[in-house]
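What the coordinates show
Next come the chains, spelled out residue by residue.
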Amino acid sequence: MSELESELVRRRLTKLDKLRARGIDPYPHRYRRSHTVRQALDLFVSSEQSGACEPTTDTVSVGGRIIVFRGMGRATFADLVDGSGRVQLLFRRNNLPDLYDLLADLDIGDWLGATGPLFRTRTGEITVEVRKFTVLSKAIRPLPEKFHGLVDVESRYRQRYLDLISNEESRRVAVLRSRIVSGVRRFMESRDFIEVETPTLVPVAAGATAHPFETHHRALDRKLYLRVAHELYLKRLVVGGLEKVFEIGKVFRNEGIDLMHNPEFTMLESYEAFADYNDVMSMVEDLVYSLTAEVLGSPVVEYDGRSIDFTPPWPRLDLCAQIREHSGIDILALNDIEPLKAAMKSVGVEVSQQRSWGGLVDKLVSARVEPNLIQPSFLVDYPVEMSPLAKRRTDDSRLVERFEGFVAGGEICNAFTELNDPVDQRARFEEQEALRDRFHDEEMDRMDEDFLVAVEHGMPPTGGLGIGIDRLVMLFSGHPSIREVVLFPQLRSR
RNA sequence: GGGCCGGUAGCUCAGUCUGGUCAGAGCAUCGGACUUUUAAUCCGAGUGUCCUGGGUUCGAAUCCCAGCCGGCCCA
C-alpha cells in the first residue's frame with residue numbers, strides 16, 4: 001500500500017476507533033430493514049397517489065451503502081444504495097440532537113441503516129428524513145471516484161466488486177446472465193429434461209477437440225484432468241435409460257485467452273433419446289428465441305452495430321456448399337491434406353498452423369464462411385474427419401449429421417445425431433489417437449475405453465447439443481468480450 | 001507467438017511528440033462556511049515507486065533497451 005493510500009486507510013481506522021469509543025459497534029451482527037429502497041420509494045409514490053394533500057408514510061428503515069455525502073452545515077444529504085435502488089437521506093441536526101455529530105465519523109462506502117419518514121424535497125426527490133441511523137459496516141478503503149466510477153479495465157476485472165459498485169452496466173450484465181441461465185433451465189425442464197451433474201475431474205479428457213488441464217490426485221496417486229466437455233458422461237446416462245438429460249456447468253480448456261475464450265467457460269449440454277439433429281436444431285431455435293422473449297422482451301438484439309433477429313426458423317446452410325460459395329474450394333474433392341492446403345493457400349487462407357485435414361477445413365470455415373453468418377443460422381453436415389462423435393449420413397458416409405449454430409459471425413452451439421455404433425465409434429477414436437501421434441497434437445479427441453464399453457451396451461438413437469452460455473450472454477448483453485460477461489475472468493497474476 | 005496502443009495521486013485524467021518552475025487538475029481526503037442539496041457551492045490545506053530495471057544526458061515521467069501488467073489486431 002502506498003503512503004497516501006495508507007494515509008486514507010489510517011484516517012478511516014481512526015474514525016473506526018472513535019465509533020468504538022462512543023460505544024458503537026461498527027460491525028453489528030444484524031439489522032432489520034422494514035423496506036428495500038425500491039419498496040420504500042413505491043410506498044411513498046402510492047401514498048401520494050392515494051390523494052392525500054400531504055402525503056405521509058409510516059417510518060421506514062432502509063439499509064445500504066452510502067455513495068455520496070452533501071454536507072450543508074446543520075443538514076447533510078446522502079445517497080444510500082441497496083440492491084434495489086438508490087434513495088436520498090436527509091440528516092438534520094434538530095432531528096438528530098445526539099447522532100448528528102456521528103456523521104463526521106462516517107465515510108463514503110460505509111453501510112448504514114437509516115430510519116425515518118419519507119417526504120419529497122422541493123426539488124422533487126423522495127427522501128428519508130432520518131430520525132435514527134445505525135452504522136452497519138465501516139469501510140476502511142475509499143470507493144472509486146463518484147462521477148466516472150471505475151474505468152480501468154484491469155481493475156474492473158481484478159476487483160469486480162468495485163466494478164459492480166461503480167458501474168450500472170456491470171450489474172446489468174450479472175443479472176442478465178443469471179436470467180439467461182435460469183431461463184435455459186426452465187426451458188429444458190419444461191421439455192422434461194432432467195438436470196444432472198457429471199464429473200469435473202476425469203481420468204480421460206475426452207469429448208471435444210481441446211487441450212486439457214492436468215492435475216494429480218494424491219490419495220489415488222493418479223493423474224486426473226479437468227473436463228473439456230460433458231458429452232461422454234451424459235451419453236453414458238442415456239445408455240442407462242435417462243432419456244432426456246442436460247447439464248449446465250464449467251468446462252476447462254487449456255488454450256489461449258482472447259475476446260471469445262476464457263480457460264473456463266460455461267456450457268449447456270443436452271442429450272435426448274429418440275431425437276436426431278433436426279429435432280435438436282428446432283429445439284435450439286425455440287430455446288434461444290424464448291430466451292430473448294423472456295429476458296430481453298424482443299427477438300431482436302443490437303450487437304456490434306447490427307440488428308440480429310432470433311425469430312425462427314434459422315436458415316440451414318449446407319457446409320460444403322457454403323465453403324464452395326465463399327472460397328471456390330470443393331473440400332470433398334480434395335480429401336488429402338496437401339491438395340487442400342494448396343487450394344487454401346491459392347485463395348489466400350493462412351494454413352501454416354494447420355496439420356490435419358479436419359483442421360484445415362475448420363480454418364477454411366472460420367476464415368471464409370463464419371464471417372458471413374451474421375443473422376442466426378445453422379451450418380449442417382460436416383465431414384466425418386472433424387466429427388468423431390457424430391453419426392454418419394446414410395446417403396454419404398463422408399459426412400455426419402452435425403450442425404453448428406452461428407450468430408454475428410461466431411459459433412454458439414455444436415450438435416449432432418450421436419454416434420451409437422460402437423464399432424464405428426472405436427474406429428473413430430483410433431483415428432483421433434493416430435492423428436494425435438502423427439501430428440503431436442494434444443487437441444485431438446481421446447479414446448475413452450470406459451465410454452466405449454457403455455456404448456457397446458447399446459445407446460438408443462440420440463440427438464445431442466452443446467451451447468456456449470457465455471456466448472449467449474455476450475450476444476444478449478451486446479458485449480464483444482467474454483471478460484465482460486464472466487464475473488472473474490482469468491488474468492495473469494500481478 | 002507477432003504487431004500496435006496504454007500504465008502518472010485512492011479514482012478519472014492532462015503533461016511524453018519538442019528532455020530543463022512538469023509533479024499538475026477534478027473527484028475523494030483534511031480544516032472552515034452553509035438546515036431542501038443532488039457531479040451541491042464557496043474559502044483554505046495535504047497528498048506521488050510518474051509500472052519495474054538498466055542506459056543516454058549536465059539534467060529523464062518525457063529519449064533508448066529489456067522486462068512486467070492490461071487492451072486491441074493478427075496467428
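Below, the structure is looked at part by part.

Conventions adopted
Residues numbered from 1 in each chain as written. Chains lettered and ligands numbered in written order. Predicted model: local features only at pLDDT ≥ 70, side-chain atom pairs only at ≥ 80, totals over all residues. Heavy atoms only, no water. Phe/Tyr/Trp six-rings, centres within 6.5 Å; stacked < 30°, edge-to-face > 60°. Helix = DSSP H or I, 4+ residues; strand = E, 2+ residues; numbered from the N terminus. Buried < 20%, exposed > 50% of the residue type's maximum accessible area, 1.4 Å probe, protein only. Core = buried A, V, L, I, M, F, W, Y, C linked by side-chain atoms within 4.5 Å. Contact = heavy atoms within 4.5 Å. 1 Å grid on protein atoms, 1.4 Å probe; cavity = no way out; pocket = protein on both sides within 12 Å on 5 of 7 lines; lining within 4 Å. Points joined across faces, edges and corners; volume = space filled by probe spheres on them. Nonpolar A, V, L, I, M, F, W, Y, C, P; charged D, E, K, R; others polar. Pairing = 2+ DSSP bridges. Salt bridge = Lys/Arg side-chain N within 4 Å of Asp/Glu carboxyl O. Axes fitted to C-alpha atoms, helices over the stretch in contact; angles between N-to-C directions.

Before going further, it helps to spend a moment on the packing of aromatic side chains. For the structure on display, the rule yields 6 aromatic pairs. With a centroid separation of 5.2 Å and 85 degrees between ring planes, the pair formed by F91 and F133 is classed as edge-to-face. Separated by 42 residues along the polypeptide, F91 in strand 3 (residues 85-92) and F133 in strand 7 (residues 132-137) bring together distant segments of the chain. Exposure class is identical for F91 and F133. Each is buried. With 5.0 Å between their ring centres and 75 degrees between their planes, F378 and F403 make a pair best called edge-to-face.

Let's shift gears to the nonpolar core. One finds V184, L268, V284, F310, F403 and F476 to be the most contacted residues of the largest nonpolar core, which totals 43 residues. Residue contributions to this core peak at 9 residues, all from helix 7 (residues 277-296). Excluding anything up to four places from it in sequence, F403 contacts Y277, V280, M281, V284, F378, L379, V380, Y382, C413, N414 and A415. Judged by nonpolar contacts, the second largest core, of 37 residues, contains C320, I323, I331 and V369.

Turning our attention to empty space enclosed by the protein. Summed over the entire model, instances satisfying the criterion amount to 1 cavity of 30 Å³ or more. V202, V204, A205, A206, R227, V228, A229, H230, E231, L232, Y233 and D448 are the residues that line the largest cavity. Take the lining of the largest cavity: its biggest share by element is 3 residues, from helix 6 (residues 231-239). Split by residue class, the lining of the largest cavity holds 8 nonpolar, 1 polar and 3 charged.

A word on the pairing of strand 3. The pairing of strand 2 (residues 75-82) with strand 3 spans 8 bridges and is classified as antiparallel. Bridge pairing in strand 3 links F77 to L90. As judged from the 3 bridges shared by strand 3 and strand 6 (residues 126-129), these two strands associate in the parallel manner. Bridge pairing in strand 6 places L89 opposite V128.

This next bit is on the pattern of salt bridges. In total, this model carries 44 salt bridges according to the counting rule given. R436 serves as the salt-bridge partner of E433, at 3.0 Å between the closest nitrogen and oxygen. You can see E433 and its partner R436 sitting in helix 11 (residues 422-439), 3 residues apart, about one turn around the helix. Owing to a relative accessible area of 23%, E433 belongs among the partly exposed residues under this scheme. With a relative accessible area of 10%, R436 lands in the buried category. When salt bridges that share partners are traced, they join K15, D107, D110 and K138 into one network.

A few words on the sheet that holds strand 4 (residues 111-116). Strand pairing in a sheet relies on backbone hydrogen bonds. The paired strands run either parallel or antiparallel. With mixed pairing, the 7 strands of this open sheet are ordered in space as 5-6-3-2-1-4-7. The sheet is open, and its two borders are formed by strand 5 (118-120) and strand 7, each paired with just one other strand. When strand polarity is set aside, the average angle formed by the axes of neighbouring strands in this sheet is 45 degrees. Of the strand pairs in this sheet, strand 5 and strand 6 are connected by 3 bridges, and their pairing is antiparallel. Following the sheet pairing, R120 is matched in strand 6 by I126. Helix 2 (residues 37-49) contacts strand 1 (60-71), strand 2, strand 3, strand 5 and strand 6 of the sheet and is inclined by roughly 60 degrees relative to strand 5.

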